[in-house]
Amino acid sequence: MKSSRKILFYVVTMMYWFSMYTYVPILSPYVEHLGGSVFMIGLVVGSYGFTQMLVRIPLGIWSDRIGKRKLFIFAGIACAVLSCLGLALSTNVWAIFGFRSLAGVAAASWVAFTVLFASYFEADEAPKAMGIISFYTSIGQMAATTAGGFLADYIGWRAPFYLGAIVGLLGLILAIKLVEKPADVKKKPVEVKELIKMGGEKLLLSVSLLAIVVQCITFTTMFGFTPLHATSLGASNADLSILTLLSTLPNAIAGYISGSIFVKRFGERYTILIGFIAAAICTILLPFTTSLSLLILTQAFNGFAQGLMMPVLMGLAIQSVNEEKRASAMGFFQALYSLGMFGGPFIAGWIGEYMGLSGGFILIGSLSFVGAILAYLWMPKRKIRQEWGQ
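What you see is a predicted model, and the numbers here were worked out from it, not measured in a lab.

A. Geometry of the overall build of the chain. The number of helices and strands found in the chain is 14 helices and zero strands. Mapped from its N terminus to its C terminus, the chain presents α and β elements in the order α-α-α-α-α-α-α-α-α-α-α-α-α-α. Considering only contacts in the chain between residues 6 or more positions apart, those separated by 24 or more positions represent 88%. When the accessible surface of the chain is summed, it comes to about 14,600 Å², and 70% of that surface belongs to carbon and sulfur atoms.

B. Geometry of the nonpolar core. The biggest cluster of nonpolar side chains holds 104 residues, and the ones touching the most others in it are Phe276 and Phe333. Among the elements that make up this core, the one with the highest residue count is helix 10 (residues 202-232) (13 residues). With residues near it in sequence (within four places) discarded, Phe276 still touches Leu210, Val213, Val214, Ile217, Met309, Ser368, Gly371, Ala372 and Ala375.

C. Here's a closer look at the packing of helix 4 (residues 70-89) against helix 6 (residues 110-118). Following both chains from N to C, one finds helix 4 and helix 6 inclined at 140 degrees, their axes separated by 8 Å at the closest point. Classed by the angle they form, the pair helix 4 and helix 6 counts as oblique. Along this stretch, helix 4 crosses helix 6, giving a crossing that reads as left-handed. Contacts between helix 4 and helix 6 involve Phe72, Ile73 and Ile77 from the first element and Ala112, Phe113 and Leu116 from the second. Across the contact of helix 4 with helix 6, the residue classes break down as six nonpolar, no polar and no charged.

D. A look at empty space enclosed by the protein. For the structure on display, the rule yields two cavities of 30 Å³ or more. Reported here for the largest cavity is a volume of approximately 360 Å³. In terms of lining, the largest cavity is formed by 25 residues, of which the most central are Thr137, Gln141, Gln215, Asn251 and Met310. Where the lining of the largest cavity is concerned, the elements lending two or more residues are helix 1 (2-21), helix 3 (38-66), helix 7 (126-154), helix 10, helix 11 (237-285), helix 12 (292-319) and helix 13 (326-355).

E. Quick look at helix 2 (residues 24-33). Summarising burial for helix 2: eight of the 10 residues are buried, a large majority. A positive phi of about 105 degrees marks Gly35, the residue just after helix 2.

F. Up close: a nonpolar patch on the surface. Together, Phe150, Tyr154, Ile155, Ile242, Leu246, Leu249 and Ile253 make up a nonpolar patch on the protein surface, roughly 650 Å² of accessible area in all. For the nonpolar patch, the secondary structure elements donating two or more residues are helix 7 and helix 11. The element contributing the most residues to the nonpolar patch is helix 11, with four residues. Structurally, Leu246 can be placed in helix 11. The partly exposed category is assigned to Leu246, whose relative accessible area is 32%.

G. Broad picture of the packing of aromatic side chains. Taken as a whole and judged by the stated rule, the model has 27 aromatic pairs. Between Phe342 and Phe346, the ring centres sit 5.5 Å apart and the planes meet at 25 degrees, which makes this aromatic pair stacked. Taken together, the positions of Phe342 and Phe346, both in helix 13 and four residues apart, correspond to about one turn of that helix. The exposure class assigned to Phe346 is partly exposed, which follows from its relative accessible area of 29%. An aromatic cluster is defined as three or more aromatic residues linked by ring pairs; in this entry it consists of Phe9, Tyr10, Tyr16, Trp17, Tyr21, Tyr48, Trp110, Phe113, Phe117, Tyr136, Phe219 and Phe223. In this arrangement the basic side chain of Arg100 is found over the ring face of Tyr48, its NZ or CZ atom lying 4.0 Å from the centre. Over the face of the ring belonging to Tyr376 we find Arg269, whose NZ or CZ atom lies 4.5 Å from the ring centre.

H. Up close: the side chain of Ser206. Along the chain, the position of Ser206 falls in helix 10. Residue classification places Ser206 among the buried positions, given a relative accessible area of 7%. Excluding residues that lie within four positions of it along the chain, Ser206 makes contacts with Trp378 and Met379.

I. Layout of the environment of Phe39. You can see Phe39 is positioned in helix 3. The exposure class assigned to Phe39 is partly exposed, which follows from its relative accessible area of 29%. C-alpha separation for the pair Phe39 and Trp350, spaced 311 residues apart in sequence, amounts to 5.2 Å. Sequence-distant contacts of Phe39, that is, excluding residues within four places in its chain, are made with Phe346, Gly349, Trp350 and Glu353.

J. Representation of the environment of Ser119. For Ser119, the location among the structural elements is in the loop between helix 6 and helix 7. Ser119 sits in the partly exposed class, given a relative accessible area of 23%. For the pair Ser119 and Ala129, spaced 10 residues apart in the sequence, the C-alpha separation amounts to 9.1 Å.

K. Geometry of the confidence of the model for the chain. When pLDDT is averaged along the chain, the result is 84, and 88% of the positions lie at 70 or above. Least confident of the elements in the chain is helix 9 (residues 192-199), whose mean pLDDT is 62; most confident is helix 8 (residues 159-175), at 95. Segment residues 384-390: pLDDT under 50, and 26 contacts once partners within four positions in sequence are set aside and those in other chains are kept.

L. A look at the side chain of His229. You can see His229 is positioned in helix 10. Of the polar contacts made by the side chain of His229, one reaches the backbone oxygen of Leu286; its length is 3.3 Å. Aside from chain neighbours lying at most four places away, what touches His229 is Leu286, Pro287, Thr289, Leu295, Leu357 and Phe361.

Definitions and limits used
Residues numbered from 1 in each chain as written. Predicted model: local features only at pLDDT ≥ 70, side-chain atom pairs only at ≥ 80, totals over all residues. Heavy atoms only, no water. Helix = DSSP H or I, 4+ residues; strand = E, 2+ residues; numbered from the N terminus. Contact = heavy atoms within 4.5 Å. Areas by Shrake-Rupley, 256 points an atom, 1.4 Å probe, with all protein chains shown as cover. Core = buried A, V, L, I, M, F, W, Y, C linked by side-chain atoms within 4.5 Å. Buried < 20%, exposed > 50% of the residue type's maximum accessible area, 1.4 Å probe, protein only. Axes fitted to C-alpha atoms, helices over the stretch in contact; angles between N-to-C directions. Parallel < 35°, antiparallel > 145°, perpendicular 65-115°, else oblique. Left-handed = near helix turned anticlockwise from the far one by under 90°. Nonpolar A, V, L, I, M, F, W, Y, C, P; charged D, E, K, R; others polar. 1 Å grid on protein atoms, 1.4 Å probe; cavity = no way out; pocket = protein on both sides within 12 Å on 5 of 7 lines; lining within 4 Å. Points joined across faces, edges and corners; volume = space filled by probe spheres on them. Patch = residues over 30% accessible without salt bridge, like charges linked within 9 Å, V, L, I, M, F, W, Y side chains within 5 Å. Salt bridge = Lys/Arg side-chain N within 4 Å of Asp/Glu carboxyl O. Phe/Tyr/Trp six-rings, centres within 6.5 Å; stacked < 30°, edge-to-face > 60°. Lys NZ or Arg CZ within 6 Å of the ring centre and 35° of its normal. pLDDT = per-residue confidence, 0-100. Polar contact = N/O pair within 3.5 Å; in protein donor to acceptor, adjacent residues only side chain to side chain.

Pasting the structure below:
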């Protein structure tokens, strides 16, 4: 029973992320195609993180208050479907901005996804659960981005948006069958003042701030401006799919093995440190690549580096929090890291408007080096317990 429950969750998770990522490889070039500037591209890409930043904490508190997770999962997938349909039917850049913002609302329900999935495991296995679900997240994103670029190349710009809507609708139907244990009516959900106190807890605040930097890198490179640099090297939409595939595949692999291999061998601090240093080097090198093959190579390493860090940070964010307050803690964590989803592309786009994309990439790469220093200073110097094994 438990095995089939998890398999269904994996499938719904992959479809959920698939619906929001089919068009990611072509989003920046598409906005440029519609006449958007580099700054506007940054706004569109960053809007996805901005709405998450606004919605995730209230959603986490609301979910804890009513003791429901599945309801928010269902609503999130529905928003993803509507976002895809809106993007497919829009030709105005500001409409694209609005419907991509709606995708951010959809992504905010990831709070409920992670907490419900963690409930399928023992409390001290939270990092292990996050590593597993991060793997299936990456698989869904990888399949979506691979299919999206090829569809745009061979059918047209709007095809990826329609595919995302169809797969999201199927995920919505399957989500009806997700299993959620009855809520404990005796539990007391987190209050706002407790959330503020929770946010001041050193480990939760530290991993949340580090996650901001990770997302700055991810949404400036892999899911942001890297496709624009690729098109300047002559890449087609199909090439953009290959580029994104070979960035997200290492990301998925790293997410799956970060706990079972890297953290067990090096500990949380040095796993995150390795990730930041590798990501910094690959991001700074990005604008200096002069061929598509070299760009793909650097971004494969970049994707792997980013994949090492997020499951570790996500697991640490909720590991020490009581189950009835985990959605609130995860909401706090994800709301803060959403700042990186918005801030990274926004700053890179603003700088790119005046200094070119190279300036934005170099700035974000330098920020990754800062993340490495902070990880060394903030993370406990220990190896995590055996529960990380997968």
